[in-house]
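Report on the structure
One-letter residues, chain by chain:
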Amino acid sequence: MNQLPEKDLPPGRHRLLKEHLMTEIRQEPRVRRVWLRPALVAGAVAAVTAVTLTFAVPSGSGESAPPVAKPTSAAPQTAATLLEDIALAAEHASVPAGIRDDQFVYIKSKVAWSSQDGDGPAKLDPIHEREVWLSVDGEEQGLLHEPFAGHDDMLLEAPTPGIPSNTNYRHLQTLPTDPDKVYTWLNEVSGDGSKNKDDANFVLVGDLARESLMPPAQTAALYRAAAKISGVFVIDDAVDAAGRHGIAVARVEDGERHELIFDKKTKEYLGEREVAVQDLPWGPKKGDVTAQTAVLERTVVDKRGERP
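Heads up: these notes are all about the structure in this document. Since this is a predicted model, take the numbers as computed values, not measurements. (Residues numbered from 1 in each chain as written. Predicted model: local features only at pLDDT ≥ 70, side-chain atom pairs only at ≥ 80, totals over all residues. Heavy atoms only, no water.)

Moving on: the pairing of strand β12 (residues 289-301). Counting buried positions over the 13 residues of β12 gives 13, a clear majority of the element. Relative to β12, strand β2 (residues 104-112) is paired through 9 bridges, and the arrangement is antiparallel. Bridge pairing links serine 109 to valine 295 in β12. Direction of pairing for strand β11 (residues 269-276) relative to β12: antiparallel, over a ladder of 5 bridges. Bridge pairing in β12 places glutamate 274 opposite alanine 291. (Buried < 20%, exposed > 50% of the residue type's maximum accessible area, 1.4 Å probe, protein only. Helix = DSSP H or I, 4+ residues; strand = E, 2+ residues; numbered from the N terminus. Pairing = 2+ DSSP bridges.)

This is the structure in structure tokens:
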């Protein structure tokens, strides 16, 4: 197994990521991923928990993206109200008892990023499975298994100790549970160089909801902090990469709508979707889905590479 080098991100999207936190692999020549979060971190900002642990969720087909959803003109609830419901659900979520420092958080998901071949237009990759193992205390290297993207049991760098934006489980336990303090934390660690702090904060909330494990109290505070981000609205029906329909909180920036999707009844985090709201210079047309994810399973295992 080889250690993952740092990934070179496309111009114009790099602003949404803190360079020293990312450990994504470098793409092969003439191929580059253009989604703003090709999420792969070694316990750094680009992916943490859901509202609750999800075990063996049926994947569905998810192969055909629906037409672009439109923001509802008369949503049944505001984004703030929906996020409060999501936070309340997070408060009652459970995590495995007795999590040890030497264990690993295991996440299985379905994903599809947009890729660009040379100077040609970007296209959405086929939906494929992705598995990642992240060290509970951040001391050990993680592991990625995503054969479609050429990542076959690739080691991930362990995060640099002491960075405020580290996202291993032990560090996340130290974050505040007060929404105002979490909002301050978001502003401190999100998107260096971003022209729009609200955009960077919303991206970070999505990253923290996707690919790791976050304690219930901190998760609830995160979603309450998200209600302070301007420009967030409700989408009544959004579909994740597993074909599951849910309700979403969304925000538009740079011609794309970024949706965080939750189960309509349980308010459990399902996944994310990016949709072009206008023709984009890098290829996608208005209404095209430019990225999709879906968390299928999330738990804690004893060893890197072990499956539940």
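Now that the structure has been shown, the text picks up again.
One pass over the full model with this rule turns up 17 salt bridges. The partner of arginine 224 in a salt bridge is glutamate 84, with the nearest N and O atoms 2.9 Å apart. Placement of arginine 224 in helix α5 (residues 216-226) and of glutamate 84 in helix α1 (residues 79-91) is noted, with a sequence separation of 140 residues between them. The partly exposed category is assigned to glutamate 84, whose relative accessible area is 30%. The salt bridge involving aspartate 102 is made with arginine 100; its shortest N-O contact spans 2.9 Å. Connected via shared salt-bridge partners are Glu84, Glu91 and Arg224. (Salt bridge = Lys/Arg side-chain N within 4 Å of Asp/Glu carboxyl O.)

For the rest of this paragraph, the subject is the environment of leucine 204. Mapped onto the elements, leucine 204 comes out in helix α4 (residues 197-208). Here leucine 204 falls in the buried class, since its relative accessible area comes to 2%. Residues leucine 204 and serine 190, 14 residues apart in the sequence, show an inter-C-alpha distance of 6.2 Å.

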